[in-house]
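# Chain and residue survey
Given next are the chains, with one letter for each unit.
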Amino acid sequence: MRILLAEDDAMIGEALEYALNNSDHVVDWVRDGESALLNARTEPFDVILLDLGLPKLDGMEVLRQLRRSGNTTPVLIVTARDAVDMRIKGLDLGADDYIIKPFEMPEMLARIRAVFRRKSGHADSVLENGMLSLNLVTRVVTVNGSDFRLSAREYALLEALLIRPGAILSRQDLESRVYQWDQEVESNAIEFLIHGLRKKIGTQSIKNVRGLGWMVSKQD
Ligand code: CA
């Protein structure tokens, strides 16, 4: 998934960026509240990790303004152990969950998956569609009982399509979920990824809708 990381502490930010990249997530890291708000409003993110103590605009204010403007992207706030009032205030303002510093990385990753799943209406960590299933924890895709390992970008692309079966995602939609904003993207990069995915999981798995984009058909 594509994650907006708003964190001004360089050490925590680097550790999080590393762990999230390692788990095949696309991460955009911003270091102040104004940039967090701007990015959250202009780019599609699956989850926002929001430190509350941020320069320029504090995290609580970022959250308040986001929710006031109707943005419903899942927000996980990151707070200090003794800040009970802040956690309550954050949840009341529309945060989806919180995590206490210092945190263990596996717990952080699990909470990210949990808020993502809840927001997209999935109760567990396996996205199933017909003969195809994708495990959000192991990131293994299963087709007709056979397991396949995907590259980080193939995974991000398939996840984006499979979390909303039946929806058509444009080239721009897919690029924004597979690449960070500062990455150069070749004009045929998405076609190339889809070609590779179809070779692994079946030519009918991803449908092209001429002129509009791509989709995974909804199946029981
Ligand atoms: Ca901070």
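Residues numbered from 1 in each chain as written. Predicted model: local features only at pLDDT ≥ 70, side-chain atom pairs only at ≥ 80, totals over all residues. Heavy atoms only, no water.

### Re the pairing of strand β4 (residues 75–80)
The buried fraction of β4 amounts to five of the six residues, a majority that puts the element mostly inside the structure. Handedness of the crossover joining strand β3 (residues 47–51) and β4 through helix α3 (residues 59–68): right-handed. By the bridge criterion, five bridges tie β4 to strand β5 (residues 97–101) in an arrangement that is parallel. Residue pairing in the sheet places Val78 in a bridge with Ile99 of β5. With helix α4 (residues 84–92) bridging β4 and the parallel β5, this β-α-β connection has right-handed handedness. (Buried < 20%, exposed > 50% of the residue type's maximum accessible area, 1.4 Å probe, protein only. Helix = DSSP H or I, 4+ residues; strand = E, 2+ residues; numbered from the N terminus. Right-handed = clockwise from strand over helix to strand, strands pointing away. Pairing = 2+ DSSP bridges.)

### Looking at the pairing of strand β9 (residues 146–149)
Pairing geometry for strand β8 (residues 140–143) and β9, over four bridges, is antiparallel. Pairing of Val143 across the sheet is with Ser146, part of β9. In this structure, the hairpin formed by β8 and β9 is closed by a connection of two residues, where Asn144 is found at a positive phi of approximately 50°.

### So, the environment of Ser23
Note on placement: Ser23 falls in the loop between α1 (10–22) and β2 (26–30). According to the relative accessible area criterion, Ser23 is buried, its value standing at 10%. It is 8.9 Å that separates the C-alpha atoms of Ser23 and Val137, two residues lying 114 residues apart in sequence. Contacts of Ser23, omitting those with residues within four sequence positions, involve Leu109 and Arg139. (Contact = heavy atoms within 4.5 Å.)

### A short note on the domain arrangement of the protein
By convention, interface size is frequently given as the accessible area that disappears when the constituent parts associate. Looking at the assigned domains, one finds that the protein contains domain 1 (2–120) and domain 2 (126–215). Spacing between the C-alpha centres of domain 1 and domain 2 amounts to 25 Å. Contacts between the two partners involve 15 residues from domain 1 and, on the opposite side, 14 residues from domain 2. On the domain 1 side of the contact with domain 2, Asp24, Val26 and Arg113 bury the most area, a combined 36% of that side's loss. If you look at where domain 1 meets domain 2, you find two salt bridges. Its salt-bridge partner being Arg139, residue Asp24 comes within 2.9 Å of it at the nearest N-O pair. Between domain 1 and domain 2 we count four residue pairs in polar contact (both at pLDDT 80 or more) in total. Elements with a contribution of two residues or more to the side of domain 1 that touches domain 2: α1, β2 and α5 (105–119). (Domains from an automatic or database assignment. Buried area = accessible area lost by both parts, 1.4 Å probe. Salt bridge = Lys/Arg side-chain N within 4 Å of Asp/Glu carboxyl O. Polar contact = N/O pair within 3.5 Å; in protein donor to acceptor, adjacent residues only side chain to side chain.)

### Structural notes on the sheet that holds strand β6 (residues 126–129)
The strand order across the open sheet formed by four strands is β6-β7-β8-β9, and the pairing between neighbours is antiparallel. A single partner strand is all that each edge strand has here, and the edge strands are β6 and β9. Going from strand to strand, the sheet's axes swing by 20° on average, the running direction of each strand aside. Along the sheet, helix α6 (residues 152–162) makes contact with β6, β7 (132–135) and β8, crossing β7 at roughly 115°. Packed onto the sheet, helix α8 (residues 189–201) meets β7, β8 and β9 and runs at close to 155° relative to β9. (Axes fitted to C-alpha atoms, helices over the stretch in contact; angles between N-to-C directions.)

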